[in-house]
Amino acid sequence: MMVSLERYRAFIEIIDRGSLTAAARHLDVSLQSISRSLSTLEREFGVELIRRTTRRLQPTPAGLAFHARVKAALTEIELARAEIGRESARVAGTLRIGASVLFAPKHVVPAAAAFLARHPQVEIELVLSDAIADLVEDRLDLAIRIGDPGPPHLKMRPLGQLRRGVVASPAYLARRGLPQTPEDLAEHDCVVRTFGPEGDAWPLTIDGTVARIPVRGVFRCNDAASANAAVVAGAGLGLAPLWQVQDDLDQGCLKVVLSAFEPPPVPVQAVWPGAAGTPVRTRLFVETLALRLGSEGARL
């Protein structure tokens, strides 16, 4: 078991103050605790660090050498903590964040509100678009990207995986029947999203392999919200990120079909310029968002 920093501090104080009692008083712990810390250190390293007699404590040569190295290391740790504290206290300025039109209200805005409550000197400006933003051209501090994270020179933090599914309204299913296999899609009307890489070829998982299934329909759309609304209205089956239509699923306006053939999830990540000197407000907001989305690898 690795020795804790508290035991290192106890050892430093024993030597610096010349007695177990003085060290215990300075650290505001019991004498038994100080004595136990020293004994644990010596047992851990298998060497006597301080020779104890009834009259005095005498550091051994090994103890003196260890004291010098550990004290220097602890000093560096305290300086690093102080520096982080000063940096956190200076969290201020404007944070420009790019995100998609539908994803931002449900996931980015709650994280932004929580962040602003903790850091009142920060201002957040959301720049919403379903197009892939250029961080430099759009003067963004970071962007939340769904799917391709972009060029490799960007820094990136995975935030989760977004599930997708084939959905339909109860009225459509009552009229046209329930598809049982991906091949059944050839006999159905489908709402085709004309943006993104998939369009009229839906990626469904068949026997562990992703296959692109051709679909067709009389309703085509280049906007996610309108495509979802068309599916709710009964215009056809739709392939949608489940987070986009969760409210409709909860209310019974939509049902998931072909669940055994669910498409692979789509990654979502925060990206920001890879240059040195990333502002602390950017780093802290990314951490806030990652925590709210349920940590790396979480599915939404």
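Scroll up to find the structure this text is about.
Described in the following lines is the structure provided in the data block. (Residues numbered from 1 in each chain as written. Predicted model: local features only at pLDDT ≥ 70, side-chain atom pairs only at ≥ 80, totals over all residues. Heavy atoms only, no water.)

What to know about the nonpolar core
In this structure, Phe 103, Val 108, Leu 142, Ile 144, Leu 159 and Phe 285 are the most contacted members of the largest nonpolar core, which totals 25 residues. Among the secondary structure elements, those contributing two or more residues to this core are β3 (93–99), α5 (103–118), β5 (142–146), β6 (155–162), β14 (266–272) and α9 (280–292). Ranked by residue count, the leading element in this core is α5, at six residues. Setting aside chain neighbours within four positions, we find Leu 142 in contact with Leu 95, Arg 96, Ile 97, Gly 98, Leu 135, Ala 270, Val 271, Trp 272, Thr 282, Phe 285 and Val 286. Core analysis: the second largest hydrophobic core is formed by 18 residues, Ala 10, Leu 20, Ala 23 and Phe 66 among them. (Core = buried A, V, L, I, M, F, W, Y, C linked by side-chain atoms within 4.5 Å. Buried < 20%, exposed > 50% of the residue type's maximum accessible area, 1.4 Å probe, protein only. Helix = DSSP H or I, 4+ residues; strand = E, 2+ residues; numbered from the N terminus. Contact = heavy atoms within 4.5 Å.)

Thoughts on the environment of Trp 243
Mapped onto the elements, Trp 243 comes out in the loop between β12 (237–241) and α8 (246–250). Note on Trp 243: relative accessible area 6%, which makes it buried. Apart from residues lying up to four places away in sequence, Trp 243 is in contact with Leu 102, Phe 103, Lys 106, His 107, Ile 146 and Leu 162.

Digging into the packing of helix α1 (residues 5–17) against helix α3 (residues 31–45)
Across the interface, α1 lies against α3 with an axial gap of 9 Å and an inter-helix angle of 110°. Compared by their axis directions, α1 and α3 come out roughly perpendicular. For the pair α1 and α3, contact is made by Arg 7, Tyr 8, Ala 10, Phe 11 and Ile 14 and by Ile 34, Ser 37, Leu 38, Thr 40, Leu 41 and Phe 45, respectively. Across the contact of α1 with α3, the residue classes break down as eight nonpolar, two polar and one charged. (Axes fitted to C-alpha atoms, helices over the stretch in contact; angles between N-to-C directions. Parallel < 35°, antiparallel > 145°, perpendicular 65-115°, else oblique. Nonpolar A, V, L, I, M, F, W, Y, C, P; charged D, E, K, R; others polar.)

Digging into the packing of helix α2 (residues 20–27) against α3
Two elements in contact, α2 and α3, have axes whose closest approach is 8 Å; the angle formed by their N-to-C orientations is 110°. It follows that α2 is roughly perpendicular to α3 by the angle criterion. The element α2 and its partner α3 pack so that their crossing is right-handed. From α2, Leu 20, Thr 21, Ala 23, Ala 24 and Leu 27 reach across to α3, where they touch Leu 31, Ile 34, Ser 35 and Leu 38. Residue composition of the contact of α2 with α3, grouped by class: seven nonpolar, two polar and no charged. (Left-handed = near helix turned anticlockwise from the far one by under 90°.)

Some details on the environment of Cys 253
Tracing the sequence through the fold places Cys 253 in the loop between α8 and β13 (255–257). As for Cys 253 and Thr 60, which are separated by 193 residues in sequence, their C-alpha atoms are 77 Å apart. The contacts of Cys 253, once residues within four sequence positions are left out, are Ala 168, Ser 169, Pro 170, Val 232 and Asp 248.

Observations concerning unusual backbone geometry
If a residue is not glycine, its phi is most likely negative; likewise, a peptide bond is most likely trans. Positive phi outside glycine occurs at Asp 28, with the angle close to 60°. Although it is not a glycine, Arg 139 sits at a positive phi angle of roughly 55°. Tracing the sequence through the fold places Arg 139 in the loop between β4 (122–128) and β5.

Here we look at the sheet that holds β6
Strand order across the open sheet formed by five strands is β4-β3-β5-β14-β6, with mixed pairing between neighbours. Because the sheet does not close on itself, it has two edges, and the strands there are β4 and β6. Across the sheet, the axes of successive neighbouring strands diverge by a mean angle of 20°, strand direction being ignored. Of the strands in this sheet, β3, β4, β5, β6 and β14 are in contact with α5, which crosses β4 at around 170°. (Pairing = 2+ DSSP bridges.)

What to know about α9
Each α-helix turn comprises 3.6 residues. Residues three or four places apart therefore point the same way. Here α9 contains 13 residues, and its C-alpha end-to-end distance of 18 Å stays within 8% of the 18 Å for a straight helix at 1.5 Å per residue. Looking at α9, one finds that the buried residues are Val 280, Arg 281, Thr 282, Phe 285, Val 286, Thr 288, Leu 289 and Ala 290. (Expected span 1.5 Å × (residues − 1).)

A word on the packing of aromatic side chains
Summed over the entire model, instances satisfying the criterion amount to five aromatic pairs. A ring pair is formed by Phe 103 and Trp 243, whose centres lie 5.1 Å apart and whose planes are at 85°; its orientation type is edge-to-face. Placement of Phe 103 in helix α5 and of Trp 243 in the loop between β12 and α8 is noted, with a sequence separation of 140 residues between them. (Phe/Tyr/Trp six-rings, centres within 6.5 Å; stacked < 30°, edge-to-face > 60°.)

Considerations on the pattern of salt bridges
Inspection of every chain in the model, using the stated rule, returns nine salt bridges. The residue Arg 52 makes a salt bridge to Glu 42 at a minimum N-O spacing of 2.9 Å. Here Arg 52, found in strand β1 (residues 50–52), pairs with Glu 42, found in helix α3; they are ten residues apart in sequence, far enough to count as distant. Taking the relative accessible area as the measure of exposure, Arg 52 reaches 37% and is therefore partly exposed. Its salt-bridge partner being Arg 216, residue Asp 189 comes within 3.8 Å of it at the nearest N-O pair. Of this pair, Asp 189 sits in the loop between α6 (170–176) and β8 (190–193) while Arg 216 is found in the loop between β10 (209–214) and β11 (219–221), placing the two residues 27 residues apart along the sequence. Judged by relative accessible area, Arg 216 falls into the partly exposed class, the value being 47%. (Salt bridge = Lys/Arg side-chain N within 4 Å of Asp/Glu carboxyl O.)

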